[in-house]
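# Fold and contact review
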Protein chains: 2
Amino acid sequence: MATSKGKKQLDQSTEEKIKAAARKVFHQKGYAATRTRDIAEESGINLALISYYFKSKENLYEIITLETVFKFMHNLAVVFHDESSSFDEKIEQLADRYIDFISKEPDIPLFILTAMRNNPVKFGDKIPLKTIVLESIFYQQFQEKLQEGNHADISPLQYLLNLVSLIIFPFVAKPVFQNITGTKDSQFHKMMQERKKLIPIWIKSMYSKP
Amino acid sequence: MATSKGKKQLDQSTEEKIKAAARKVFHQKGYAATRTRDIAEESGINLALISYYFKSKENLYEIITLETVFKFMHNLAVVFHDESSSFDEKIEQLADRYIDFISKEPDIPLFILTAMRNNPVKFGDKIPLKTIVLESIFYQQFQEKLQEGNHADISPLQYLLNLVSLIIFPFVAKPVFQNITGTKDSQFHKMMQERKKLIPIWIKSMYSKP
DNA sequence: GTCTATAGGGGGATAGAC
DNA sequence: GTCTATCCCCCTATAGAC
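The rules behind these values
- Throughout this description, residue numbers start from 1 for each chain and increase along the sequence as written.
- Here chains are named by letter from A upward and ligands by number from 1 upward, in the order in which they appear as written.
- Given that this is a predicted model, residues contribute local features only at a pLDDT of at least 70 and side-chain atom pairs are listed and counted only at 80 or more, while totals for whole chains, interfaces and linings are drawn from all residues.
- Only heavy atoms go into the side-chain values, all of them from the structure, while hydrogens and water stay out.
- Only DSSP runs of H or I covering at least 4 residues are called helices, and only runs of E covering at least 2 are called strands; the numbering of each starts at the N terminus.
- Note on exposure labels: buried denotes an accessible area under 20% of the residue type's maximum, exposed denotes more than 50%, and partly exposed covers the range between, all computed with a 1.4 Å probe on protein chains only.
- The contact rule is simple, with two residues in contact once any of their heavy atoms fall within 4.5 Å.
- Only residues with pLDDT of at least 70 in both copies contribute their C-alpha atoms to the least-squares superposition of the copies.
- Nearness is defined per residue: one heavy atom within 4 Å of the molecule or strand is enough.
- Residues adjacent in sequence count toward polar contacts only when both atoms are side-chain atoms; beyond that, a polar contact is any pair of N or O atoms within 3.5 Å, and within protein one must be able to donate a hydrogen and the other to accept it.
- Put simply, Ala, Val, Leu, Ile, Met, Phe, Trp, Tyr, Cys and Pro go in the nonpolar bin, Asp, Glu, Lys and Arg in the charged bin, and everything else, Gly too, in the polar bin.
- UniProt positions are given in the numbering used here, feature names are shortened, and annotations may be inferred rather than shown by experiment.
- For the domains described, the bounds stem from an automatic or database domain assignment.
- In this description, buried area is defined as the sum, over both parts, of the accessible area (probe of 1.4 Å) that is lost when the two are combined.
- Any carboxyl oxygen of Asp or Glu within 4 Å of a side-chain nitrogen of Lys or Arg constitutes a salt bridge here.

## Topic: the overall build of chain A
- Scanning chain A for helices and strands turns up 12 helices and 0 strands.
- Going from the N terminus to the C terminus, chain A shows its helices and strands as α-α-α-α-α-α-α-α-α-α-α-α.
- For chain A, the spread of C-alpha atoms along the three principal axes comes to 65 × 40 × 35 Å.
- For chain A, the residues scored as buried account for 45% of the 210 residues in total.
- In chain A, once contacts between residues fewer than 6 apart in sequence are set aside, the share between residues at least 24 apart is 67%.

Okay, here's the thing in C-alpha cells:
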C-alpha cells in the first residue's frame with residue numbers, strides 16, 4: 001500500500017507540498033505576482049528547497065500549468081469519448097461536470113485563459129487538444145446530427161463556442177457580476193446549479209427549427 | 001482651438017504619451033509583469049518622467065484601470081439608456097457595439113476580469129455599475145416583457161449572464177479556441193462578425209415558448 | 001520639464017554547513 | 001534532504017544637474 005516513493009500516504013512528500021502550494025498561489029495570483037517566498041510560506045517548507053526540487057520558478061510554473069490544463073481537459077475527454085451516452089446526454093454531462101469542477105476550483109479558468117494568451121504555442125504543442133475534440137465520439141455524433149438536417153443552421157464551431165461560453169464565462173465574470181447585481185456567494189452558487197439543467201435546454205432551443 | 005493644456009493637438013503631451021503606453025502595456029501584460037521601464041520605452045519618454053507625472057506605478061495603474069472600465073461600460077450605458085430603441089433592438093446594438101469594440105481592443109476583457117478579481121471592492125466603489133444596469137430603460141423594458149408573460153421562464157440575472165457570455169467569452173477564449181480548432185485570425189474575425197446577427201436570434205430562441 | 005545617476009529594497013537563486 | 005546566510009541582479013523611485 002506504500003506509494004512509489006515509499007512514503008506514508010498521510011503526509012505528503014516535500015515535493016508534493018511545494019507543488020500543492022505553488023498550484024494554489026499561481027492559480028490565485030498568476031506567475032508574475034507570485035514570489036517563490038509566497039510558495040515557501042504557503043507550503044511551510046524552506047525557500048531553498050524550491051530550487052532544490054524544481055530548479056527555477058519558471059520551471060515550477062510550467063509544470064503546474066501543464067498539470068492544470070490536463071486536469072481541466074480531462075473532464076472534456078471523458079465525456080467526449082464516452083461510447084454509451086447520446087449526444088444530448090453528453091451536453092448534460094458537460095454542463096454538470098464543469099459547473100461542479102469550476103465551483104470547486106474557481107481560479108482555474110482565468111488562470112488557463114491567461115496562461116494560454118501569454119504563451120499560446122508552448123502549451124499547444126504539449127497538450128493534445130485537437131485530438132481530444134476532433135477525434136472524439138462527440139464529434140462523430142455531431143456530424144451525424146448535421147446529416148439529419150432537421151435543425152436550424154449549425155456551424156459546429158459556433159455551437160462549441162456557445163456551449164463553452166454559457167458554461168464557463170459566468171465563473172470568470174463572477175466578481176463583476178456580483179458587483180453589479182449585488183448577488184451574494186450563496187445566490188451565485190444556486191444560480192450555477194440551476195444552469196446545469198438550463199444550459200442543455202437553452203442550447204437545444206437555439207438550434208431547433210422555428 | 002488649443003487644448004486646455006495649451007499644446008498642439010497633433011503631438012500628445014508627455015502625460016498623454018505615458019498614459020497611452022501604460023494602457024497598451026498594462027492591457028497586454030497586467031500589473032505585475034509590467035515594468036515601468038517597459039512603459040518608458042514604449043512611449044519614448046524618460047523613465048524618471050513617470051514618477052514626475054504619476055508618482056508611482058500603482059497610481060498610474062489605477063488611473064488606467066478606471067479609465068478602461070469606464071470606456072468599456074460606456075457602450076453599455078449608451079445602449080441601455082437609449083429611449084428610442086426597443087428591447088430587441090437594444091440586444092442587437094449590444095452585440096454589434098461590443099463585438100466591434102472588443103475586436104479593436106482584444107486585451108481589454110481579460111484585463112478587466114483580472115483587475116476586478118484582484119481588487120473587487122476598490123473599483124466597485126468608484127464605478128456606478130449598478131446604476132447603469134438597474135436604473136436603465138433597458139431594465140424597465142425587461143420588466144415589461146416579464147409582465148407580458150408570453151415567454152418561457154426568464155430569470156433576469158440568468159438572461160443577462162447568457163447575453164454577456166455569448167458576446168464576450170469567445171474573445172477571451174480566442175487563444176485556446178484557435179489552438180484546438182486551428183482557426184486562423186481571419187476566420188475567427190469572420191465568425192465574430194456573424195455572431196452580431198446570430199446572438200440576438202439565439203437569445204430570442206432560448207426564451208421563446210416551445 | 002527633462003535628463004543622468006544612484007539610492008534602496010526585493011526577489012530568485014545558490015554556497016556550504018549540518 | 002534541509003537549513004542559514006548571502007549573492008547579485010533588477011526594478012521602482014528620487015536627488016539633483018541642466
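## Digging into the relation of the copies chain B and chain A
- Superposition record for chain B on chain A: RMSD 0.0 Å, screw rotation 180 degrees, translation along axis 0.0 Å. Such a turn and shift between the copies fits a two-fold axis.
- Both copies present the same face, since 100% of the interface residues in chain B are matched by interface residues at the equivalent positions in chain A.

## Some words on the protein's contact with DNA strand D
- In the vicinity of DNA strand D, 16 residues are found, and the nearest of them are A:N46, A:Y53, B:R35, B:T36 and B:R37.
- Counting only the atoms of DNA strand D that lie within 4 Å of the protein, the sugar and phosphate share comes to 66%.
- At 2.6 Å from a phosphate oxygen of DNA strand D is found a side-chain nitrogen or oxygen belonging to B:T36.
- B:K57 is positioned with one of its backbone polar atoms (N or O) 2.9 Å from a phosphate oxygen of DNA strand D.
- Those elements that place two or more of their residues in the surface near DNA strand D are α3 (48-54) of chain A together with α2 (36-43) and α3 (47-54) of chain B.
- Split into classes, the residues belonging to the surface near DNA strand D amount to 6 nonpolar, 6 polar and 4 charged.

## Observations concerning the protein's contact with DNA strand C
- Every one of the 15 residues lining DNA strand C counts as a neighbour, but A:R35, A:T36, A:K57, B:N46 and B:Y53 are closest to it.
- Of all DNA strand C atoms lying within 4 Å of any protein atom, the proportion belonging to sugar or phosphate reaches 65%.
- Contacts to DNA strand C include A:K57, whose backbone N or O atom sits 2.8 Å from a phosphate oxygen.
- Here B:T14 contributes a side-chain N or O atom positioned 2.9 Å from a phosphate oxygen of DNA strand C.

## Points about the UniProt feature "DNA-binding region" (unreviewed entry) in chain A
- According to UniProt, the "DNA-binding region" (unreviewed entry) feature falls on residues 35-54 of chain A.
- Within the segment residues 35-54 of chain A, helix and strand shares are 75% and 0% respectively, and the terminal C-alpha atoms sit 14 Å apart.

## Side note on the domain arrangement of chain A
Residue and element names in this part refer to chain A.
- We note that the domain assignment places domain 1 (8-55) and domain 2 (63-206) within chain A.
- Summarising the inter-unit geometry, the C-alpha centres of domain 1 and domain 2 are found 29 Å apart.
- Across the contact, 7 residues belong to domain 1 and 7 residues belong to domain 2.
- When domain 1 packs against domain 2, the two sides together hide about 660 Å² of surface, and 66% of this comes from carbon and sulfur.

## Some thoughts on the interface of chain B and chain A
- Chain B puts 46 residues into the contact, and the matching count from chain A is 46 residues.
- A buried area of about 4300 Å², summed over both sides, lies between chain B and chain A, and 72% of it is on carbon and sulfur atoms.
- When the area that chain B buries against chain A is broken down by residue, the three leading residues are B:R117, B:F169 and B:I180, summing to 16%.
- The interface formed by chain B and chain A contains 2 salt bridges.

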